[in-house]
Amino acid sequence: MKAEKSLRVCEKGHTYYKSSDCRSCPTCDKEEKPESGFLSKLAAPARRALTNVGIDTLEKLSQYTEKDILNLHGIGKTTMPILRTSLEEAGLSFKE
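All values reported here derive from a predicted model rather than from experimental measurement. Going along each chain's sequence as written, the residues are numbered from 1 onward. Note on the predicted model: pLDDT of at least 70 is required for a residue's local features to be given, and 80 or more for side-chain atom pairs to be given and counted; whole-chain, interface and lining totals, by contrast, use all residues. Derived side-chain values reflect all non-hydrogen atoms in the structure, with water molecules and hydrogen atoms excluded from consideration.

In terms of nonpolar packing, the biggest core is built from 16 residues, with F38, L50, L61, I69, I75, L83 and F94 touching the most fellow members. Elements with a contribution of two residues or more to this core: α2 (44-52), α3 (58-61) and α5 (79-89). Each residue touching L61, except ones within four places of it in the same chain, is listed here: F38, L50, I55, I69, L83, L87 and F94. Working definition of a nonpolar core: buried Ala, Val, Leu, Ile, Met, Phe, Trp, Tyr and Cys residues. They are joined through side-chain atoms within 4.5 Å. For every residue, the accessible area obtained with a 1.4 Å probe (protein chains only) is divided by the maximum for its type, and the residue is called buried under 20%, exposed over 50%, and partly exposed between those limits. Strands are runs of DSSP state E lasting at least two residues, helices are runs of H or I lasting at least four, and both sets are numbered from the N terminus onward. Throughout, a contact is declared for two residues whenever any of their heavy atoms are within 4.5 Å.

Spelled out as structure tokens, the structure:
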């Protein structure tokens, strides 16, 4: 059984249909995607999860344990290898 999609309008005036309670606008997500850096490698929910808690650099990310990051809504198991690799490439790692 599919949930019915409802028409929504974001703060910037973009219209879109969503069936979930998630308020993210797909157009805004595309516009806000960084062109480079580790956040550019992540899906929008994972990017939002990190930036919502103030993680916007690898140095800040390295101050958290993997468990801390996995507990954020929007972070899934497919995100973790990307984060680990990004940290390793910068000579960093998750907090023990």
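Having put the structure on the table, let's press on.
A separate point is the pairing of strand β1 (residues 6-9). The rule for pairing is simple: two strands pair if DSSP sees at least two bridges between them. The pairing of β1 with strand β2 (residues 15-18) spans four bridges and is classified as antiparallel. Bridge pairing in β2 links V9 to T15. Counted along the chain from β1 to the antiparallel partner β2, the turn is five residues long, and its residue G13 has a positive phi close to 95°.

A few words now on the pattern of salt bridges. Salt bridges are identified by distance alone: a Lys or Arg side-chain nitrogen within 4 Å of an Asp or Glu carboxyl oxygen. Scanning the entire structure with this criterion turns up three salt bridges. A salt bridge links K60 to D56; its shortest N-O distance comes to 3.0 Å. We classify K60 as partly exposed; its relative accessible area is 35%. Taking relative accessible area as the criterion, D56 reaches 43% and is therefore assigned partly exposed.

Relative to the assigned elements, R47 resides in helix α2. Those residues in contact with R47 that lie beyond four places of it in its chain are D29, K33, P34, L39 and L42.

Looking at where I69 falls in the secondary structure, it is placed in helix α4 (residues 66-70). Taking C-alpha positions, I69 is 23 Å from P26, a pair spaced 43 residues apart along the chain. With residues near it in sequence (within four places) discarded, I69 still touches L50, I55, L61, Y64, I75, M80, L83 and F94.

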